[in-house]
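Report on the structure
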Amino acid sequence: MAQFQEVLKQSALHPKPAGLVLQYGTSGFRTNAKQLDHIMFRMGLLATLRSKKTKATIGVMVTASHNPEEDNGVKLIDPMGEMVTQDWEEHATQLANADQEDLLTALKNIIEKEAINMSQEANVFVGKDTRSSSASLSQAVLDGVSALGGHSKGKRSGYLKDIPYMLCNGKYGEATVEGYYTKFCQAFIQLTKNTSNRTDDQKHLCLDGANGIGALKVREMESHLKKELQISLNNDGSKGRLNHQCGADYVKVQQKPPTGAHRINPGERCCSFDGDADRIVYYYTDSEGTFHLLDGDKMATLISTFLKELLTQAGLDLKIAVVQTAYANGSSTHYLENTMKVLVRCTKTGVKHLHHVAQEFDVGVYFEANGHGTVLFSKAAEEKIQQLAEDTNVNDKRKKAALLLRNTINVINQTVGDAISDMLLIEAILAIKGMTIQQWDTIYTDLPNRQLKVKVADRRVIDTTDAERRAVTPAGLQEAIDNLVKKYRQARSFVRPSGTEDVVRVYAEADTQESADALAHEVSLAVYRLAGGVGDEPKPLH
Ligand code: NG1
Ligand code: ZN
């Protein structure tokens, strides 16, 4: 077939380095940008097949999120804005690793397995972040799309979060970038309309854009906010490097403010996006100059408490749950379950897993501790809220709650975690509750914790179960961890192979920072010894 001839011809321009094996990981393929050209071309092919199969538009995002500037990555987005299914992740890995001469066979295998009608039209949206490698890599995706006769719906050089949004073809509002801003900003203005006496101080937010795409989009969006939110934007991409000493990952892991920000006044509300603006964390410094981080767990708690109160006031019997991963601070889980009486579920790391579980509830609030997350409402829940908001026979209290719920739904980007939408949601809740960032912070106190990385020869020797909280292999590792955990109070620890870096991640929490640090170190040593550590043995933190 002529189509396959074209694939052959084009693929020669995007050759696969011999011997390179890459895995479709937590968030697609991610590695040094120099190794990704053939992957991009092949993902263009795969997205085209996926579009033919689903008879809908597929998104391809060229980004490595919070990774350093020299990395890049790619992930595929399904028609409703979700990550592609497991089967297609496997197809992606197969296609990516096929040797140059086996590419057509690998492609034909997928076509056969999925019974794809090759005469079906295909449409693909391609988006990229601001990395210097993103222009040529996204071109490689487009080459893949056109080699299989797919149409690329414009070379989208913009914000990645609007891709899933537009894929929904208008389900969440007018399907244009302009519609995206208008919808979220209008909902925010509606939500904050009756919060009397908001001073300019309260309307002010200090934002670190990580020198990424979110910063550009916030600039474009600002006028729609009509001064109801006044943003001081730092690390806006005009000079600094992407994610370099700034951004949500830096702030969360280093537990300190980003560089490149203005001097933060005590109590000033600040937040950081990551480079592709799907993560957000909040922070402030207190009058003693101590830094306080409010991460994904704090956001999930604030949001779920707010929604639960509104559902009660509205008299709506809808099932709400919070979905977390093993990295959620134990204090947050304890507070949600025991004080708020909210159902909490734990899944494997990676938003695709959280998203999936959140869909099981009427209202599913999901966040990773690192600030990646959103809220999902079932169709039935949205309908009930809508009906109540329009019902003329309900009392004022119920009606008011229903209207607030309706506007809350409108401020949320339900397709994926979207830092801009999350920011507007948090800002609206704080405004409605008249809450300062310190008051929000004191809802519960985080247990001291520590995350470390251990280099091993092959991280796949670690296999986990129970939402990654227990290691099944190598033999003896889980026992060693259990024995170490017993030595400390309020302690918990687990290890898992990273899906985005060639390391094993170690997490530990305990009643004091010293204990959390010591436990994390001891567990790192156990990993090093039992799972084939390479390089120097991990050293104690103190
Ligand atoms: P890995 O490298 O699999 O731990 C990291 C984050 C995830 C998720 C992905 C995708 C942690 C501990 N892990 O995954 O939560 O955000 O990157 O960006 O933060
Ligand atoms: Zn990201």
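The rules behind these values
- Residues numbered from 1 in each chain as written.
- Chains lettered and ligands numbered in written order.
- Predicted model: local features only at pLDDT ≥ 70, side-chain atom pairs only at ≥ 80, totals over all residues.
- Heavy atoms only, no water.
- Salt bridge = Lys/Arg side-chain N within 4 Å of Asp/Glu carboxyl O.
- Helix = DSSP H or I, 4+ residues; strand = E, 2+ residues; numbered from the N terminus.
- Buried < 20%, exposed > 50% of the residue type's maximum accessible area, 1.4 Å probe, protein only.
- Phe/Tyr/Trp six-rings, centres within 6.5 Å; stacked < 30°, edge-to-face > 60°.
- Lys NZ or Arg CZ within 6 Å of the ring centre and 35° of its normal.
- Domains from an automatic or database assignment.
- Contact = heavy atoms within 4.5 Å.
- Buried area = accessible area lost by both parts, 1.4 Å probe.
- Polar contact = N/O pair within 3.5 Å; in protein donor to acceptor, adjacent residues only side chain to side chain.
- Nonpolar A, V, L, I, M, F, W, Y, C, P; charged D, E, K, R; others polar.
- Donors = N, O, S within 2.8 Å, 3.2 Å for Na, K, Ca; no water.
- Tetrahedral: all angles 85-135°; square planar, octahedral: opposite > 155°, others 65-115°.
- Pairing = 2+ DSSP bridges.
- Axes fitted to C-alpha atoms, helices over the stretch in contact; angles between N-to-C directions.
- Core = buried A, V, L, I, M, F, W, Y, C linked by side-chain atoms within 4.5 Å.
- UniProt positions renumbered as here; feature names shortened; annotations may be inferred.
- 1 Å grid on protein atoms, 1.4 Å probe; cavity = no way out; pocket = protein on both sides within 12 Å on 5 of 7 lines; lining within 4 Å.

**Considering the pattern of salt bridges**
Using the criterion set out here, one finds 31 salt bridges in the structure. For Glu114, the salt bridge identified is with Lys53, shortest N-O distance 3.1 Å. Residue Glu114 is found in the loop between helix H4 (103–113) and strand E4 (123–128), and its partner Lys53 is found in helix H2 (residues 37–54); the two are separated by 61 residues along the sequence. By relative accessible area, Lys53 is classed as partly exposed at 35%. For Lys252, the salt bridge is made with Asp295, and the minimal N-O distance between the two is 3.1 Å. Note that Lys252 is positioned in helix H10 (residues 248–254) and Asp295 in the loop between strand E10 (291–294) and helix H11 (296–314), a separation of 43 residues in sequence. Each of Arg198, Lys203 and Glu228 takes part in a single network of salt bridges with overlapping partners.

**A closer look at the packing of aromatic side chains**
This model, assessed by the stated rule, comprises seven aromatic pairs. One aromatic cluster is present, formed by Tyr327, Phe494 and Tyr507 through successive ring pairs. The ring of Phe4 carries Lys108 above its face, with NZ or CZ at 4.9 Å from the centroid. Directly above the aromatic system of Tyr444 lies the positively charged group of Lys298, at a separation of 4.2 Å from the ring centroid.

**Remarks on the domain arrangement of the chain**
Splitting the chain by domain gives domain 1 (1–158), domain 2 (177–293), domain 3 (297–418 + 436–442) and domain 4 (449–531). Opposite the twelve residues of domain 1 that make contact, domain 2 presents 15 residues. When the two sides are added together, the surface that domain 1 and domain 2 hide from each other amounts to roughly 970 Å², 53% of it contributed by carbon and sulfur. Our count for the contact surface shared by domain 1 and domain 2 stands at one salt bridge. Of the charged contacts, one joins Lys75 and Asp278 as a salt bridge, the two residues approaching to 3.9 Å between their closest N and O atoms. Summed over the shared surface of domain 1 and domain 2, the result is four residue pairs in polar contact (both at pLDDT 80 or more). Here the residues of the side of domain 1 that touches domain 2 are counted per class, giving no nonpolar, seven polar and five charged.

**As for the coordination of the zinc ion (ligand 2)**
Protein coordination of the zinc ion (ligand 2) is provided by Ser65 (OG), Asp274 (OD), Asp276 (OD) and Asp278 (OD), with donor distances spanning 2.0 to 2.2 Å. Seen from the zinc ion (ligand 2), its four donor atoms lie at angles of 83 to 166°, and the figure they make is irregular. In the primary sequence, the donor residues of the zinc ion (ligand 2) line up as S-x208-D-x1-D-x1-D. The class for Asp276 is buried, based on a relative accessible area of 0%.

**Regarding unusual backbone geometry**
The omega angle of the peptide bond from Thr473 to Pro474 is -5°, so this bond is cis rather than trans. Residue position: Pro474 is located in the loop between strand E17 (470–473) and helix H18 (477–486). In this structure, Asn235 is a non-glycine residue whose phi angle is positive, near 45°. Along the chain, Asn235 falls in the loop between strand E7 (230–234) and H10. Using a relative accessible area of 13% as the deciding quantity, one classes Asn235 as buried.

**A look at the sheet that holds strand E19 (residues 504–509)**
Spatially, E15-E19-E18 is the arrangement adopted by the three strands of the open sheet, whose pairing is antiparallel. Both outer strands of the open sheet, strand E15 (449–454) and strand E18 (492–497), are each paired with one neighbouring strand and no more. Taken pair by pair, the neighbouring strands of this sheet meet at an average axis angle of 15°, ignoring direction. In this structure, E18 lies alongside E19, joined through six bridges in antiparallel fashion. Bridging across to E19, Val495 finds its partner in Val506.

**Focus: the pairing of E10**
With four bridges joining them, strand E9 (residues 280–285) and E10 adopt antiparallel strand pairing. When the bridges of E10 are listed, Tyr283 appears paired with Leu293. Once E9 ends, the chain turns through five residues before running back antiparallel as E10, passing Gly289 with a positive phi of about 85°.

**Brief notes about the nonpolar core**
One finds Tyr282, Leu307 and Met423 to be the most contacted residues of the largest nonpolar core, which totals 70 residues. Each of domain 2 (177–293) and domain 3 (297–418 + 436–442) accounts for three or more of the residues forming this core. Core analysis: the second largest hydrophobic core is formed by 44 residues, Val62, Trp88, Ala147 and Leu148 among them.

**Considerations on the UniProt feature "binding site: Mg(2+)" (unreviewed entry) in the chain**
Under the UniProt annotation, the feature "binding site: Mg(2+)" (unreviewed entry) is placed at Ser65, Asp274, Asp276 and Asp278. Separation in sequence by 214 residues is not matched in space for these annotated residues, since their most distant C-alpha atoms are only 7.9 Å apart. As for the annotated residues named above, the ones lining the second largest pocket are Ser65, Asp274 and Asp278. Side-chain polar atoms of Asp276 contact the side chain of Ser65, separated by 3.2 Å.

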